[in-house]
Amino acid sequence: MPVPAIPDHVRHMLADTYGGTVRNTAYVVGETCDVCFTPVYGYTRCRPCSAHAGQPVADRVGAAVYAVEGEQSHYMMRLYKQPHPDSDSKFVVSLLLWNALSTHEDCLNRLTGRPPRFWATVPSLPAKPAQRQHPLNMIAQAIAPGEQLQLIAQPTVAPRTLNADHYRSEHPVPGEHVLIIDDTWTTGAHAQSAALAVRAAGAEQILVLNIARYIKPSFTATKKFLASHPRRDLDPMQCCWTGGRCPD
Ligand SMILES: [Zn+2]
Ligand SMILES: [Zn+2]
């Protein structure tokens, strides 16, 4: 299925109504991680991304916005998936994903040379018995490109560790391009474990799109970054894949 085009007026509404509560992710050389956009002054990568680098993780990671601990953006990413979410959180998360997938659809295809054949969302870890459908999966079903690939979470895992056995792909995907969608990237262990599982199923290209990159102002680099880059309203045209301009 192709991504339904986001109408201009919906994109404008996202920026006008909710743009003050979220900020775009940014890739700034020497200031943010070149994988996940977390502030890391003086390094090219944050510690988790450096540790993951030796393994066949995702070819590229994108993120639409930062979820800043203690700010509205952080609560939004937690509230939208509650059993009874406030309608604004679920609406904004849906619009952020729709904008990332639609406005930046050509960017994704340009980075990989072809559209994804499959998309998958990252299930909660460990797997829960009789798990309800994850709200992110529900949102993605309406707008994600290609066919859905189910990832099956394992019942017992060590949390926050990178492990290809944490998930299993429902079927092999030899040579395919798979887009993995996740809501919040903290250390990246969940999304990158999902990438390893999809890679083990034979995928050739794997991109991970996060709605939000979680950052903590209690970390010195994050505090410095937030202070030196004053908040601007959300720009839906800023690229979730590059943290800046869309790729040529
Ligand atoms: Zn990183
Ligand atoms: Zn773009």
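Structure: see above.
The structure displayed is predicted, hence computed values, not measured ones. (Residues numbered from 1 in each chain as written. Chains lettered and ligands numbered in written order. Predicted model: local features only at pLDDT ≥ 70, side-chain atom pairs only at ≥ 80, totals over all residues. Heavy atoms only, no water.)

*Asks:* How do you make sense of the coordination of the zinc ion (ligand 1) when you look at a structure like this?
*Replies:* Tetrahedral coordination by four donors puts the ideal angle at the metal at 109.5 degrees, and octahedral coordination by six puts it at 90 or 180 degrees. Within the protein, C33 (SG), C36 (SG), C46 (SG) and C49 (SG) serve as the donor atoms for the zinc ion (ligand 1), at 2.3 Å. Angles of 98 to 116° at the metal separate the four donor atoms of the zinc ion (ligand 1), which places the site in the tetrahedral class. Between consecutive donors of the zinc ion (ligand 1), the numbers of intervening residues give the motif C-x2-C-x9-C-x2-C. Note that C33 is positioned in the loop between β1 (23–24) and α2 (47–52) and C46 in the loop between β1 and α2, a separation of 13 residues in sequence. No difference in accessibility class separates C33 from C46, as the two residues are buried. (Donors = N, O, S within 2.8 Å, 3.2 Å for Na, K, Ca; no water. Tetrahedral: all angles 85-135°; square planar, octahedral: opposite > 155°, others 65-115°. Helix = DSSP H or I, 4+ residues; strand = E, 2+ residues; numbered from the N terminus. Buried < 20%, exposed > 50% of the residue type's maximum accessible area, 1.4 Å probe, protein only.)

*Asks:* Got a minute to help me understand the side chain of T112 in this structure?
*Replies:* Among the structural elements, T112 can be located in helix α5 (residues 105–112). Looking at T112, its side chain comes within polar contact range of the main-chain oxygen of R114, at 2.9 Å. Not counting chain neighbours up to four residues away, the residues in contact with T112 comprise H177, Q205 and L207. (Polar contact = N/O pair within 3.5 Å; in protein donor to acceptor, adjacent residues only side chain to side chain. Contact = heavy atoms within 4.5 Å.)

*Asks:* Just checking my understanding: could you explain the sheet that holds strand β7 (residues 177–185) for this structure?
*Replies:* Within a sheet, neighbouring strands are paired by backbone hydrogen bonds and run either parallel or antiparallel to one another. The mixed open sheet is built from six strands, whose spatial order is β1-β2-β8-β7-β3-β4. Edge positions in the sheet fall to β1 and β4 (147–148), since each of these pairs with one other strand and no more. One ladder, built from eight bridges, connects β7 with strand β8 (residues 205–215); its direction is parallel. Its bridge partner being in β8, H177 is matched across the sheet by Q205. (Pairing = 2+ DSSP bridges.)

*Asks:* For this particular structure, what's the right way to read the coordination of the zinc ion (ligand 2)?
*Replies:* For the zinc ion (ligand 2), the full set of protein donor atoms is H104 (ND1), C107 (SG), C239 (SG) and C246 (SG), at a range of 2.1 to 2.4 Å. Bound by four donor atoms, the zinc ion (ligand 2) shows angles of 94 to 116° at the metal and therefore tetrahedral coordination geometry. Within one chain, the residues serving as donors to the zinc ion (ligand 2) are arranged as H-x2-C-x131-C-x6-C. The burial state of H104 is the same as that of C107; both residues are buried.

*Asks:* Please clarify how the pattern of salt bridges should be interpreted in this entry.
*Replies:* As a working rule, side chains carrying opposite charge can pair if their charged atoms are close by. A complete count under the given rule lists eight salt bridges for this structure. A salt bridge links D183 to K81, with the nearest nitrogen and oxygen atoms 3.1 Å apart. Here D183, found in strand β7, pairs with K81, found in the loop between α3 (72–79) and α4 (87–103); they are 102 residues apart in sequence, far enough to count as distant. For D183, a relative accessible area of 5% corresponds to the buried category. In this structure, R117 and E147 form a salt bridge, with 3.4 Å as the shortest nitrogen-oxygen distance. Of the two residues, R117 sits in the loop between α5 and β3 (118–121) while E147 sits in strand β4, which places them 30 residues apart along the sequence. Salt bridges sharing partners connect three or more residues here, namely R117, E147 and E176. (Salt bridge = Lys/Arg side-chain N within 4 Å of Asp/Glu carboxyl O.)

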